[in-house]
Amino acid sequence: PHLAALVLARGGSKGIPLKNIKLLAGVPLIGWVLRAAIDAGVFHSIWVSTDHDEIEKVAKQFGAQVHRRSPEVSQDSSTSLEAITEFLNHHHEVDIVGNIQATSPCLHPSDLIKVADLIQKEGFDSVFSVVRRHQFRWSEVKKGENKMTEPQNLNPAKRYRRQDWPGELYENGSFYFAKRHLIEKGYLQGGKMAYYEMRAEHSVDIDIDIDWPIAEQRVLSFGYFGKEPLKEVKLLVCSIDGCLTNGRIYVTEDHKEMVSYDYRDIVGMDLLKKRGIQVRLISDRDCSKTLSAMQLGCVAKVNATNKLQVLKDWQEDMGLSWKEVAYLGNEESDVECLKQAGMSGVPADACAAAQKAAGYICKSRGGCGAVREFAEHIFLLLEKVNSARKQ
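Calculation criteria
Residues numbered from 1 in each chain as written. Predicted model: local features only at pLDDT ≥ 70, side-chain atom pairs only at ≥ 80, totals over all residues. Heavy atoms only, no water. UniProt positions renumbered as here; feature names shortened; annotations may be inferred. pLDDT = per-residue confidence, 0-100. Helix = DSSP H or I, 4+ residues; strand = E, 2+ residues; numbered from the N terminus. Phe/Tyr/Trp six-rings, centres within 6.5 Å; stacked < 30°, edge-to-face > 60°. Salt bridge = Lys/Arg side-chain N within 4 Å of Asp/Glu carboxyl O. Buried < 20%, exposed > 50% of the residue type's maximum accessible area, 1.4 Å probe, protein only. Core = buried A, V, L, I, M, F, W, Y, C linked by side-chain atoms within 4.5 Å. Domains from an automatic or database assignment. Contact = heavy atoms within 4.5 Å. Buried area = accessible area lost by both parts, 1.4 Å probe. Polar contact = N/O pair within 3.5 Å; in protein donor to acceptor, adjacent residues only side chain to side chain.

Taking an unreviewed UniProt entry as the reference, the chain is identified by name as N-acylneuraminate cytidylyltransferase belonging to Dicrurus megarhynchus. Reading the Pathway (unreviewed entry) entry of the UniProt record for the chain gives the comment "Amino-sugar metabolism; N-acetylneuraminate metabolism." Within the UniProt record for the chain, the comment given under Sequence similarities (unreviewed entry) is "Belongs to the CMP-NeuNAc synthase family."

Structure below.
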C-alpha cells in the first residue's frame, strides 16, 4: 500500500505570520519534520499541502512534493480533515496518509518508522501520537455557580507521588496516520485504533510567539539533526566577503579599498579559538591587504578559484572527518563547501543557492554579527554532543 506523508502548511496564521517557514534554530520550522520524514525511509511519497508560494519553495528545498490546496480548504475555519480529503481526491494512488504536524519540530524518524509498522504490518486502521502527563485534573466551576470543584483523577486524601502514578495519555497532535477508507468516511481516528506514545522531551508544539525561544532550546537539546551522529567541531572556515564583512567594498580617491566588519564577529572568532576550534578564512578575490590590516591572526586563503579544493586540503592536513568541519558561506561559490561540511551556515542575506545548501540560516546579515551567531550555534551543538557522550 502507498503510504504518503502529508504536512499541512497554510500561509495564514493567526498567531505568527508564515509560522511554518519561520526559522527555528536556524532551520525553517517545516524543515524539521520534513527531514525526519525523509530520513525515516518508510514513505512512498512526501507532500506538503499549502496555498503559499514561499512555503512551496521551502518544501521543495527540503525534498517534498507540493499539493496546492484550494481556497476552499485554506480558510481559518478549514479543518485538517477537509484538507486531507482534498489531497486524497487528487492522489488516487495513496492508500494511507501519515498526517504530520508542521509545528512538531522534535519529531524523530524512529517514531515514524514504528508507527508505519503498526499500520502496515500489524493491521491497524489508524494510529495517533500521545504523550504521558502527570497532571491532576479538577472540574471547572463557572463564575456565578453555587457549587464546589470536584477532583477528576485523584483522591485528595490519598494523593499519588509522581513516581507511584503512571499518569495519563493525552493527544499531542504530532501525527495522525489513517487508511484511505477511514478518511473517506470522515474520520482520522477509527476502525482498529492504536496510540503511539512519544517521549515527553520530543513532544514540542509551536503555538504562540512566547514559546519560540523555549522551543529553540528544546530543539537544540532533543531535535533530530540527521542520520549521522554529531561530532565535535575542530575547524570553522568562514568566507570573508559577505560573511565576515557585509560584502561592500569602499574605494578611496587614491584607489585604496576599505571594508567594514562587526566587532561581535571578532569576539565570536576569539571564543571559538579559546574552545580549541581553529578558524580559517577564505575568499575568491585578493583581499590580503585588508586581512593584514584587520590583524585577525587566522590562516587565510585568498584568490581561491576552487574553494572546495582548499577546504579538502585543510581538512586532510588537519586529519579531520567532514563532521568535524564547519563552514560559513554566502555565495554560489560556497555551495559545494556548504554541502560537504558537517555543519554549515549562511547569513540571513545569503543567495538562494547557499541558503538551500546550508543547515543553519542566521538571523543576522553578513558583516552584522552572523559569525558570532554561527559560533553560538556551534557552542550549543557542542553541548548536545557532550550530553550524548555522558548518556
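Caption draft 1: Quick peek at the confidence of the model for the chain. Taken over all residues, the pLDDT of the chain has a mean of 89, while the share at 70 or more is 96%. Per-element averaging of pLDDT across the chain places strand β12 (residues 257-258) at the bottom with 74 and strand β1 (residues 3-8) at the top with 97.

Caption draft 2: The packing of aromatic side chains, seen in detail. Taken as a whole and judged by the stated rule, the model has eight aromatic pairs. Aromatic pair W32 and F225: ring centres 5.3 Å apart, planes at 85°, arrangement edge-to-face. Linking W32 in helix α1 (residues 29-40) with F225 in the loop between α6 (212-222) and β10 (235-239), this pair joins segments that are 193 residues apart in sequence. When the ring of F175 is compared with that of Y196, the centres are 6.1 Å apart and the planes differ by 45°; the resulting orientation is tilted. With F175 in strand β8 (residues 168-179) and Y196 in strand β9 (residues 193-198), this pair connects stretches of sequence that are 21 residues apart.

Caption draft 3: The pattern of salt bridges, seen in detail. Tallied over the full model, the rule gives 21 salt bridges. In this structure, R68 and D53 form a salt bridge, with 2.9 Å as the shortest nitrogen-oxygen distance. Taken together, the residues span a long stretch of sequence, with R68 in strand β5 (residues 65-68) and D53 in helix α2 (residues 53-61) at a distance of 15 residues. R68 sits in the partly exposed class, given a relative accessible area of 39%. Linking D349 and R365 is a salt bridge whose minimum nitrogen-to-oxygen distance equals 3.8 Å. Of this pair, D349 sits in the loop between β16 (343-346) and α12 (352-357) while R365 is found in the loop between β17 (360-361) and α13 (370-390), placing the two residues 16 residues apart along the sequence. Shared partners join several salt bridges into a network, and the residues in it are D53, E56, K60 and R68.

Caption draft 4: Region of interest: the nonpolar core. In terms of nonpolar packing, the biggest core is built from 44 residues, with L244, M269, L272, L281, L296, F374 and I378 touching the most fellow members. For this core, the element with the most residues is α13, which contributes eight residues. Structurally, this core is a two-domain feature, drawing no fewer than three residues from each of domain 1 (3-222) and domain 2 (235-389). Formed by 37 residues, the second largest nonpolar core is a distinct cluster that contains I21, A40, A59 and I119.

Caption draft 5: View of the domain arrangement of the chain. Domains assigned within the chain are domain 1 (3-222) and domain 2 (235-389). The straight-line distance from the C-alpha centre of domain 1 to that of domain 2 is 37 Å. Contact residues are listed per partner, giving ten residues for domain 1 and ten residues for domain 2. Three residues, L23, Q61 and L220, lead the burial of domain 1 against domain 2; their summed loss comes to 52% of the area buried on that side. In this assembly, domain 1 and domain 2 are joined by one salt bridge. The closest approach of N and O atoms between E216 and K363, which form a salt bridge, is 3.5 Å. Where domain 1 packs against domain 2, one counts one residue pair in polar contact (both at pLDDT 80 or more).

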